[in-house]
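Structural features, examined
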Amino acid sequence: MVNPAPIAPVTLRLRVTAAAESRLRAGHPWLFADSVRASNRPGRLGELAVIFDRHDRFLAIGLFDPDSPLRVRVLHAGKPQTLDAPWWRTRLRAALERRTGLFDAETTGYRLIHGENDGWPGLVLDRYAATGVLKIYTAAWLPRLGLDTAPVTDAVLPLFRAELPGLETFVLRLSRNLQTLAPERFGLTDGQVLSGREPGPAVRFLESGLTFEADVRRGQKTGFFLDQRENRRRVGTLARGRGVLNVFSFSGAFSVYAARGGATSTTDLDLSLHALESAARNLGLNRHLPAVAACHHERVQADAFAWLAQRPSRPFDLIVLDPPSLARRESERAGAILAYGRLVASSLRWLAPGGVLVAASCSAHVSADEFFGTVRAAVRGTGRRFTELETTGHPPDHPATFPEAHYLKAIYLRCSGFTPVRPNTAQQTATDAITPARSAINPAGTACRVRWMFTAPKYTATTYSVVSVLPRIVPPIRLTRLSGPCTLTSSVNSPIVALPLRGRISVMGSSSVGNPTKSRSGRSPLRQQINPARRPEHPHRDQHRDQVRNDAHRHLKPLLRPLDKLLIDRHPP
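A brief structural summary.

Procedures and definitions
Residues numbered from 1 in each chain as written. Predicted model: local features only at pLDDT ≥ 70, side-chain atom pairs only at ≥ 80, totals over all residues. Heavy atoms only, no water. Helix = DSSP H or I, 4+ residues; strand = E, 2+ residues; numbered from the N terminus. Contact = heavy atoms within 4.5 Å. Areas by Shrake-Rupley, 256 points an atom, 1.4 Å probe, with all protein chains shown as cover. Expected span 1.5 Å × (residues − 1). Buried < 20%, exposed > 50% of the residue type's maximum accessible area, 1.4 Å probe, protein only. Pairing = 2+ DSSP bridges. Axes fitted to C-alpha atoms, helices over the stretch in contact; angles between N-to-C directions. Salt bridge = Lys/Arg side-chain N within 4 Å of Asp/Glu carboxyl O.

1. Observations concerning the overall build of the chain
For the chain, the helix and strand inventory stands at 14 helices and 22 strands. Relative to all contacts within the chain whose residues are 6 or more apart in sequence, the contacts with residues 24 or more apart total 66%. Carbon and sulfur atoms make up 52% of the accessible area of the chain, which totals about 26400 Å².

2. Looking at helix α7 (residues 273-285)
Think of an α-helix as turning once every 3.6 residues; residues three or four places apart then point the same way. An ideal rise of 1.5 Å per residue puts 18 Å on 13 residues; α7 measures up with 19 Å between its terminal C-alpha atoms. All of the buried residues along α7 are A275, L276, S278, A279, N282, L283 and L285. Among the structural elements, β12 (203-207), β13 (210-214), α6 (253-260), β15 (265-270), α8 (290-294) and β16 (296-301) are those in contact with the buried residues of α7.

3. Description of helix α10 (residues 333-348)
With 16 residues, α10 should cover 22 Å at 1.5 Å per step; its first-to-last C-alpha distance of 23 Å lies within 8% of that length. Along α10, 14 of the 16 residues are buried, which leaves the element largely enclosed by surrounding structure.

4. Thoughts on the sheet that holds strand β7 (residues 109-114)
Here we have five strands laid out as an open sheet, ordered β7-β8-β9-β10-β11, and mixed in their pairing. Each edge of the open sheet is held by one strand with a lone partner, namely β7 and β11 (193-195). The sheet shows a mean angle of 25° between the axes of neighbouring strands, direction not considered. Relative to β11, strand β10 (residues 169-174) runs antiparallel, the two sharing two bridges. Within β11, the position partnered with V171 by the bridge is V193.

5. Comments concerning the environment of A49
Among the structural elements, A49 can be located in strand β4 (residues 48-52). For A49, a relative accessible area of 0% corresponds to the buried category. Residue contacts for A49: discarding those within four places in its chain leaves L12, L14, A60, I61, G62, F64 and V72.

6. Looking at the pattern of salt bridges
For the structure on display, the rule yields 30 salt bridges. Here E47 makes a salt bridge to R41, at a shortest N to O gap of 2.7 Å. Accessibility assignment for this pair places E47 and R41 in one class, buried. A salt bridge links D227 to K221; its shortest N-O distance comes to 2.9 Å. The class for D227 is buried, based on a relative accessible area of 4%.

This is the structure we're talking about:
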């Protein structure tokens, strides 16, 4: 008796909410579990899920993960296509072509595939000379690696070996959420060699003609921070004749570039002894360069926040702040913004007049506007004048094609001395006339930069700005969440904690007032429109929200105008 051929499983079909349809049509690569309205059957890990709109038309296709809140990672959207072997090969070649001409023989460490932004959602492939490091962020790729059982058309590793002959070894790295599941279900471990020779303790590669080592099996990310390459180059051009402080130094790469650029000294500051030892080895690999050999190098093992908060022992001419991600989830965003402000304010005490501050963030939950605004506000809060040299984002081998992909940002500021503050009789008279605003002037007679704060019950704050009372720097004491309609508040002789809503009111001043105007019904217009219990339901919610913001500004502006004279803005734009 002949055994019947196995029946091919019915294609997994999903239908999604209207909001998810709009996001997918706009090119967003993620479909969350709560956006799935219906499916024809339970899905299996790693299979292809076809997404249809409410009219049963093809919308997208992607990798399915039944255990993740991020249920589908989209591979293709638009017109239907067959995802066969030629399709996968074309997708890989498109990612490689985007990097054509970006690097020469002096750079052998760079990113080949950058996840969703290259059409490979949840998968990263980095090159370190002849070693490829494959990092997986979703379990949906695990059954598709092609080690034993996956079909050839779905096998990732054979495709990479065929299309990337320059890579002799492939190493698997797993994100934190996969390090339990992968060994139990697939027998895969973090740092496992998938193909080729066993790499040594560290793989050496070139970057801009400098030699570095990457711990591809145990190091952070894939072994090195390749995304900071362009910022390292910029620091190298700014370092000539300067003493450099590299905070959160990790591999010491910023210091190596600075030394080659002509820095007189470099100081690596990191809490990890392992990181400092790695930095020392990287410097040693480049000591054959005269400028690196002539530069004095120092290493400090300490907590960066505590070390920067102590009394400065000597000034530095160039300070690089490149901390690890301070907000790994949205709930940590507010604390991260406060921490960035604290870091900047503390580091400026060590920065010599005319020195350059380079501040970077890799926290995806902190937007570029929030980060840059926090840095500028922290510098102004110390009383330092500054010139903004530039801001930077992602390097070309780390493209960002959707909002959540924008994680890397850096700002360059040249900071001079302090601006003298002189008491102003007219401003003091205005202060006396408006009692709630007395906190804008401290007992010494000098002014602090303060910011109006507006909150409403319906909305939560999206930006936290901390400005310290001048002339001394006061670290943040507490974060006050405000509620109720039209609340304006400030603090006395302590840091000002501002909670401006994104795209809404951000006016200079300091006071506490109640409901501004009563409507005919006797209720505040703000309370009527913003209170969620009374918010009208209609299809144009975004338009309504914008109208609420405009009405709030219109009601508040007359109250704020008399206080404009109180502000001593010591740093005009």
